[in-house]
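Chain residues, written in single-letter form:
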Amino acid sequence: MKAIITLLIFSMLLISFKTVAQPNNKKSSMATPAPSNGTQKATCILNPTKGNNVSGTITFTKVKEGIKVVADIQGLTPGKHGFHIHDKGDCSAPDGSSAGGHFNPAGMEHNGPPDMMRHAGDLGNLEAKADGKAHYEYVDLLISFEGTNSIIGKSIIVHEKADDFVTQPTGNSGGRLACGVIDISK
Ligand code: CU
Ligand code: ZN
């Protein structure tokens, strides 16, 4: 008899737990209308470092394949210029050195896209036309808005020279002409 009562109480407890748990689940799924999608877009405004005149805007948009990077930069000398995501979201130093080295969460060697064996921040080169303007458009498979490869709060640097994709760990792209921090777009 005692055992039956215990079982009865136990099953009643289970039922009441269930009825409490269900509306809670519903509530939390309703509070997040776009579950697991998170950040869809990020922006970076580039400002010139001291003594330079390079500026621009970069947008990062989540697409099916990865992150689409679109950059429009002006004030460059014609030709190729290294274009990287750097490790620290800090452009306070006049020469941009506060941005640190290339964003490299996986501890890879420097390289360029579309190679996947590279620093996550290795976005290759911009190519400026005679008017000093460069347009860059590329869908990257390595960078992300979440997890270890998240670029949110990192920085972008545009360099003086072309990235050679060989020299470690910088690509020998010279001085830092512009710097900006990557922020979530609202
Ligand atoms: Cu760089
Ligand atoms: Zn690199």
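Small disclaimer: the values here were computed from a predicted structure and weren't measured. Within every chain, residues take consecutive numbers counted from 1 along the sequence as written. Going through the entries in the order they are written, you letter the chains from A and number the ligands from 1. Per-residue local features of the predicted model are confined to residues with pLDDT of at least 70, and side-chain atom pairs are confined, for both listing and counting, to 80 or more; whole-chain, interface and lining totals are unaffected and use all residues.

**Q** I'd love a proper account of the environment of I157, names of residues and values included.
**A** Only DSSP runs of H or I reaching four residues or more are called helices, and only runs of E reaching two or more are called strands; each is numbered from the N terminus. With respect to the secondary-structure elements, I157 resides in strand β7 (residues 155-159). We classify I157 as buried; it has 27 C-beta atoms within 10 Å. Working definition of a contact: two residues with C-beta atoms, positioned from the backbone, lying within 7 Å. When neighbours within four sequence positions are excluded, I157 is seen to be in contact with H84, H86, G96, A99, R176 and C179. Exposure criterion: with C-beta atoms placed from backbone coordinates, a residue whose C-beta has 20 or more other C-beta atoms within 10 Å is buried, one with 12 or fewer is exposed, and one in between is partly exposed.

**Q** So what's going on with the environment of Q40? Which residues, and what values?
**A** On the secondary structure map, Q40 appears in the loop between α1 (2-31) and β1 (41-48). On the neighbour-count criterion, Q40 (13 C-beta atoms within 10 Å) is partly exposed. As for Q40 and K62, which are separated by 22 residues in sequence, their C-alpha atoms are 5.2 Å apart. Setting aside its immediate chain neighbours within four residues, Q40 contacts T61 and K62.

**Q** Outline the pairing of β7, listing residues and values.
**A** Among the five residues that make up β7, five are buried, leaving the element largely enclosed by the rest of the structure. Burial along β7 is two-sided: S155, I157 and H159 and I156 and V158, pointing in opposite directions, are all buried. When strand β4 (residues 79-86) meets β7, the two strands line up antiparallel, connected through four bridges. Each bridged residue has a counterpart across the sheet, and for H86 the counterpart in β7 is S155. As defined by bridge partners, β7 adjoins strand β8 (residues 176-184) across five bridges and the pair is classed as antiparallel. Each residue of the ladder has a partner; that of I157, found in β8, is C179. In this scheme, strands are said to pair when DSSP sees at least two bridges between them.

**Q** So what's going on with the nonpolar core? Which residues, and what values?
**A** Any set of buried Ala, Val, Leu, Ile, Met, Phe, Trp, Tyr and Cys residues joined through C-beta atoms within 7 Å is what this text calls a nonpolar core. With 33 residues, the main nonpolar core has L46, I73 and V158 as its most contacted residues. Every element with two or more residues in this core is listed here: β1, β2 (55-62), β3 (67-74), β4, β5 (122-128), β7 and β8. If one sorts the elements of this core by residue count, β8 sits on top with five residues.

**Q** Can you tell me about the confidence of the model for the protein, naming the residues and giving the values?
**A** Here the protein averages 87 in pLDDT, and 80% of its residues register 70 or above. In this model, residues 13-35 is a region of pLDDT below 50 whose contacts with residues beyond four sequence positions or in other chains number zero contacts. Each residue carries a pLDDT score, the predictor's confidence in it, ranging from 0 to 100.

**Q** Describe the pairing of β3, with residues and values.
**A** Here β3 shows a buried face lined by I67, V69, A71 and I73 and an unburied face lined by K68, V70, D72 and Q74. Relative to β3, β2 runs antiparallel, the two sharing eight bridges. Across the sheet, T57 pairs through a bridge with D72, a residue of β3. Once β2 ends, the chain turns through four residues before running back antiparallel as β3.

**Q** An account of the environment of G180 is needed here, citing residue identities and associated values.
**A** Locating G180 in the fold gives a position in strand β8. Along the sequence, G180 and H86 sit 94 residues apart, while their C-alpha atoms lie 9.7 Å from each other. Apart from the residues within four sequence positions on either side, G180 is in contact with C44, I45, L46, N47, C91, S155 and I156.

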